[in-house]
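The residues making up each chain are set out below.
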Amino acid sequence: MTAPLDVPGAAETAQPEAVAALAKSSDRGRSLGQIAWMRLRKDKVAMIGAGFVVFMALVAIFAPLIVRFLGHPPNEWNQEMIDPILSTANQPWGGISPDYLLGVEPVTGRDIFSRIVYGARISMLIGFLATLVSVVIGTVMGIIAGYFGGWVDAVISRLMDIFLAFPLLLFAMALVGVIPDAAFGLQGNGLRIAILVFIIGFFNWPYIGRIIRGQTLSLREREFVEASRSLGAGNFYILRKELLPNLFAPILVYATLLIPTNILFEAALSFLGVGVEPPTPTWGGMLSEAVDYYNAAPNFMLAPGLAIFLTVLAFNLFGDGLRDALDPRTQS
Amino acid sequence: MRKTWLGLAAAGTSAAMLLTACGGGGGGGGESENEFDAATTSIVNPSDEQGGTLDFAHSDEFDSMDPGNTYYAANWDFTRLYARTLVTYSQEPGAAGLELVPDLAEDLGQVSDDGLTWTYTLKEGLTFEDGTPITSEDIKYAVARSNFAPDIINKGPTYFNQILDAGDYAGPYEDENLDNFEGIETPDERTIVFHLKDPFSEFDYLAAMPQTAPVPADADTGDQYQSAVVSSGPYKYESEWTVGQPLTLVRNTEYDPETDPLTRNRPEQINVTWKQEENDRDNRLISGDLDVDVAGLGVEAAARGEILRDEALKAQADNPLTGFKLYFAINPNVEPFDDKACREAILYGADKTAMQAAWGGAIGGDIATSMLPPGTPGYEEIDPYATPEHKGDGDAVQTALDECGMSDGFTTNISYRSDRDKEKKAAEALQQALAQYGIDAQLKGYETGTYTSEQAGSPSFVESEELGIMAYGWGADWPSGYGFLQQIMHGDSIKDAGNSNLSELDDPEVNQLLDDAAQTEDPAEREQMYGEIDALAMESATFLPYLDQKALLFRPEGLTNVHFSEAYKMYDYSSLGVAQN
């Protein structure tokens, strides 16, 4: 940082982007959001991640359309594709062909491509909704704990400790095993998805809650909060109008990083057989069924494995980029 | 040397035969070389050689090694190596293996005219491993502990408890005076008399259960007895055994082969290791490092592919029926199945070829069309709900749906055991098949551990959760129609929990036939009754049988005298020997 500011090119090579951005646009102010977006756009890895996330979201939304043109109904058995003795595809390469883009499942002959596409729906749905639950509970609890402090903070913090110490996977397996057929006006898979969303979301809130609490602790001592309070603003007003907007960045970042964790968790539950009911395709469930055929039909294992891997990676890359963009201090 | 050469030649021949697609049965004379499925009907690698070490492995563990406290067919087969029973099954391959032969007893049971007492006389010169003579008291004690002390010994069946006229005898642990056990009488050291409440013509099958293996009362340590079973057979524990540790059996020097109708003393030593991972176990079997998978349920999917792709390996495999019937029970107490026509719609709609595929295709089993397992005496092939190529019959389904007033189909539930992949796939297959006729079935998975005790086996749960169709499988405790049918079809078998009559069939005609069969002495007459019961059960449209399960068993090269036991539905472990070079 010894180079004078007027040396051409120095701004791009040696200066933190924030400074450079501010220097270039000194004539008109830019909001934090605009700055973050500029930084994010320059982060190619994060943008690739974002692109893949958007792609998977579109795949999930338009699954029926995609399958209609490129695949077969996901639950339809195609026994003519299966060798009756070996139970695996009777075509080479696990049945991969223009007709079956990723081959067919052993035993049933179901179209792996269609099942991956439909599986994205469950993964994305549960990943997003569970994260939403975590974020809402975590933010509310974290902001209350941080802002009010004292015994409120003590109670909520201990509650978070308890939740973090909870054997979540075991609890989820036990709970999913005993849920009734119909409850809360839902039944069948709708109910199971709701329960999965609840379990995954409800038990993951302390992670985000702790971060929000820490941020709130530092924010509440800041001058603008003091000013607002001295002008007679109520607690609710301060929480909503002064603190929440300033917490938007960490919430966004951690939500983005929580989604892949939740997708993995759902896959783990499906792998263990406590996810949604068959024949609804899920990536974790497919992976679990593929274990028996890992050498006879590697495509059956690779397809859901790669789907999970790429989606989780994409979310993580995007989340990391978002964090870097929103928080200049973490710049490397 | 000669043997090796013959084996190689045979492998070549069988490959050639398969290429020309002419199959061919097992060799004549009850003996045969390595050839696919040869040990199902004949003895492979017959040899009189003695010596060597026979290595068994189990992917898990047995419930108990105590002959009186186990309910696994494989263990009933295995315990014959150290626990002799009053009668036992012959060592013949094929259907002859179902024949009962006297073992400790001089002859099969002598039944009294009223059918209420069964008498056996022990052979002379029988001793335990320590040289003390085996007496009728030891057998009486064994039956008492295994059937009348459910607090301590509760893993095996309790048929003796149900049929012996023993009053309210409390078992040998609570009531130390064995004379109070009046269900069995021992007039002298070699005579044992069983007193029954009602005549039971198939009593000899019960006498063949390992529960009649003698147990000296002073050596009994309750459920810990499995750590030091006192041998009455050709082998004995090498030393005290701890559950989970490898089990080693060595020759019992007090055993006298002259008293034994079977030849079960070929290897010098027998080892069993537990908790061997399945795929690892299969690989070791194929490499010859291991001799037998003692659980006897066949190889896993990975090894299955490997064996079936390689003609030489395939020639070392057998594909026998396991005696297990896989079926869906349709419960008439769940709407709309109170209407028989709606039940028939399911029977006509099922695509049995898809369900067969779910179990691994033709290797996994034969398509079943009625409940009685083929091979059971009295079995006759019937197919009252025949459909073209077993794939389902749309017209018949529609007719049935119209008749039951549900022309557009209906909704129901199919339950299955979620930790059983093949059963799950079969349930999915049924769901897919029914969906095309507008019958919308929701799949519901439950854990195996609680399936019979709390879900499918609990009629109140079945009704409240509307489990109209339930996946199940059933095998007999002994190879007769009664042993198979009674628990799943008799109205008296319906229980509030732990029910195995999932169809809740309570047909007076079926009940009567079963009761009569139990008291009919003429085997031919009994067998005919089982056929009638089978037809009546199918007529009720509460059973959807789809597969007679088959296993893919592998016999490594060094194993001699390998043959399938129709009684235990796996290799006869007492016959096996190890090739000596």
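Throughout, residues of each chain are indexed from 1 in the direction in which the sequence is written. For naming, the first written chain is A and the first written ligand is 1, with later ones following in the order written. In keeping with the predicted nature of the model, local features appear solely for residues at pLDDT of at least 70, side-chain atom pairs appear and are counted solely at 80 or more, and the whole-chain, interface and lining totals rest on all residues.

So, on to the overall build of chain A. Where helices and strands are cited, they refer to DSSP runs of H or I of at least four residues and of E of at least two residues respectively, numbered from the N terminus. Along its length, chain A carries 13 helices and two strands. Evaluated residue by residue, chain A yields a buried proportion of 40% over its 332 residues. The contacts in chain A between residues at least 6 apart in sequence include a share of 71% that link residues at least 24 apart. Here the C-beta atoms are placed from the backbone, and a residue counts as buried if at least 20 other C-beta atoms lie within 10 Å of its own, exposed if 12 or fewer do, and partly exposed otherwise. Note on contacts: each residue gets a C-beta atom placed from the backbone, and two residues are in contact if those atoms are within 7 Å.

The next thing to look at is the overall build of chain B. For chain B, the helix and strand inventory stands at 19 helices and 25 strands. Overall, the C-alpha framework of chain B stretches about 75 × 65 × 40 Å when taken along its three principal axes. In chain B, which comprises 581 residues, the share counted as buried stands at 52%. Considering only contacts within chain B whose residues lie at least 6 apart along the sequence, 71% involve residues at least 24 apart.

Glancing now at helix α13 (residues 394-403) of chain B. Residue and element names in this part refer to chain B. Turning to α13, its buried residues number three or more, namely V397, A400 and L401. One side of α13 holds all its buried residues, which, seen down the axis, span an arc of 100 degrees. Across from the buried face of α13, at angles greater than 90 degrees, the exposed residues are D395 and D402. Taken together, the buried residues of α13 touch α10 (340-349). With its phi angle positive at about 75 degrees, G405 sits one or two positions after the end of α13. The arc in question is traced by the directions running from the helix axis to the C-beta atoms.

Attention shifts here to the pairing of strand β20 (residues 543-550) of chain B. Residues and elements named next belong to chain B. Burial runs high along β20: eight of the eight residues are buried. Strand pairing requires that DSSP identify at least two bridges connecting the strands. Of the pairings in the sheet, the one linking strand β15 (residues 321-330) to β20 comprises six bridges and is antiparallel in character. Looking across to β20, one finds that L321 is bridged to K550.

Looking at the secondary structure, you find B:G361 in helix α12 (residues 361-364). Taking the number of C-beta atoms within 10 Å as the measure of exposure, B:G361 has 19 and is therefore partly exposed. Along the primary structure B:G361 and B:V143 are separated by 218 residues, whereas in three dimensions their C-alpha atoms are 42 Å apart. The residues contacting B:G361, other than those within four sequence positions of it, are A:P84, A:I85, A:S87 and B:Q356.

Listed per partner, the contact involves 23 residues of chain A and 29 residues of chain B. By the convention adopted, Pro, Cys, Tyr, Trp, Phe, Met, Ile, Leu, Val and Ala count as nonpolar, Lys, Arg, Asp and Glu as charged, and the other residues, Gly among them, as polar. A breakdown of the residues in the side of chain A that touches chain B according to their chemical character gives ten nonpolar, nine polar and four charged.

Let us now look at the sheet that holds strand β12 (residues 269-273) of chain B. An order of β10-β11-β12-β3-β13 (chain B) is seen for the five strands of this open sheet, with the pairing classed as mixed. Of all strands in the sheet, those bounded by a partner on one side alone are β10 (235-237) and β13 (292-293) of chain B.

Attention shifts here to the confidence of the model for chain B. A residue's pLDDT is the predictor's confidence in that residue, given on a scale from 0 to 100. Taken residue by residue, chain B gives an average pLDDT of 88. The fraction at 70 or more is 94%. Complex prediction metrics read pTM 0.79 and ipTM 0.73.

With that settled, consider the pairing of strand β9 (residues 191-195) of chain B. All names here are of chain B. Going residue by residue along β9, you find I192 and F194 tucked away on one face and T191, V193 and H195 left uncovered on the opposite face. Sheet topology note: the strand β7 (residues 117-121)/β9 ladder contains five bridges and is antiparallel. Bridged to W118 within β9 is F194. Here three bridges tie strand β8 (residues 184-188) to β9, and the two strands are oriented antiparallel to one another. Considered in β9, the bridge of E185 is made with V193. Joining the antiparallel neighbours β8 and β9 is a turn of two residues.

Residue and element names in this part refer to chain A. Think of each axis as a best-fit line through the C-alpha atoms, taken over the contacting stretch in the case of a helix, with angles from 0 to 180 degrees between the N-to-C directions. Where helix α11 (residues 235-271) meets helix α13 (residues 298-326), the closest approach of the two axes is 9 Å, and the angle between their N-to-C directions is 165 degrees. Accordingly, the angle class assigned to the pair α11 and α13 is roughly antiparallel. In this structure, α11 meets α13 at a crossing whose hand is left-handed. Within the contact between the two elements, α11 uses A249, L252, V253, T256, L257, I259, P260, I263, L264 and A267 and α13 uses I308, T311, V312, F315, N316, F318, G319, L322, R323 and L326. Roughly parallel refers to an angle under 35 degrees, roughly antiparallel to one over 145, roughly perpendicular to one between 65 and 115, and oblique to any angle outside these ranges. Working rule for handedness: look at the near helix, and if it is turned counterclockwise from the far one by less than a right angle, call the crossing left-handed; if clockwise, right-handed.

A few words now on the domain arrangement of chain B. Interfaces are often sized by the amount of accessible area the parts lose when they come together. Residue and element names in this part refer to chain B. Split by domain assignment, chain B resolves into domain 1 (9-272 + 553-578) and domain 2 (321-550). Domain start and stop points were drawn from an automatic or database domain assignment. Inter-centroid distance (C-alpha atoms) of domain 1 to domain 2 is 32 Å. Each partner contributes to the interface: domain 1 provides eleven residues, whereas domain 2 provides 14 residues. Residue classes in the side of domain 1 that touches domain 2 are distributed as six nonpolar, two polar and three charged.

Glancing now at unusual backbone geometry. Between B:E335 and the following residue, B:P336, the backbone shows a cis peptide bond with an omega angle of 0 degrees. Even without glycine at this site, A:V107 takes up a positive phi of about 70 degrees. Positionally, A:V107 belongs in the loop between α5 (63-70) and α6 (112-148). For A:V107, a count of 29 C-beta atoms within 10 Å gives the class buried. Phi is positive for B:N45, which is not a glycine, with a value near 55 degrees. With respect to the secondary-structure elements, B:N45 resides in the loop between β2 (43-44) and β3 (53-57).

Take the sheet that holds strand β17 (residues 411-417) of chain B next. All names here are of chain B. Pairing in this open sheet of six strands is mixed, and the strands run β16-β20-β15-β19-β17-β18 from one edge to the other. Edge positions in the sheet fall to β16 (365-367) and β18 (440-446), since each of these pairs with one other strand and no more. In this sheet, adjacent strand axes meet at a mean angle of 25 degrees when their direction is disregarded. Judged from the two bridges that link them, β17 and strand β19 (residues 469-474) form a sheet pairing that is parallel.

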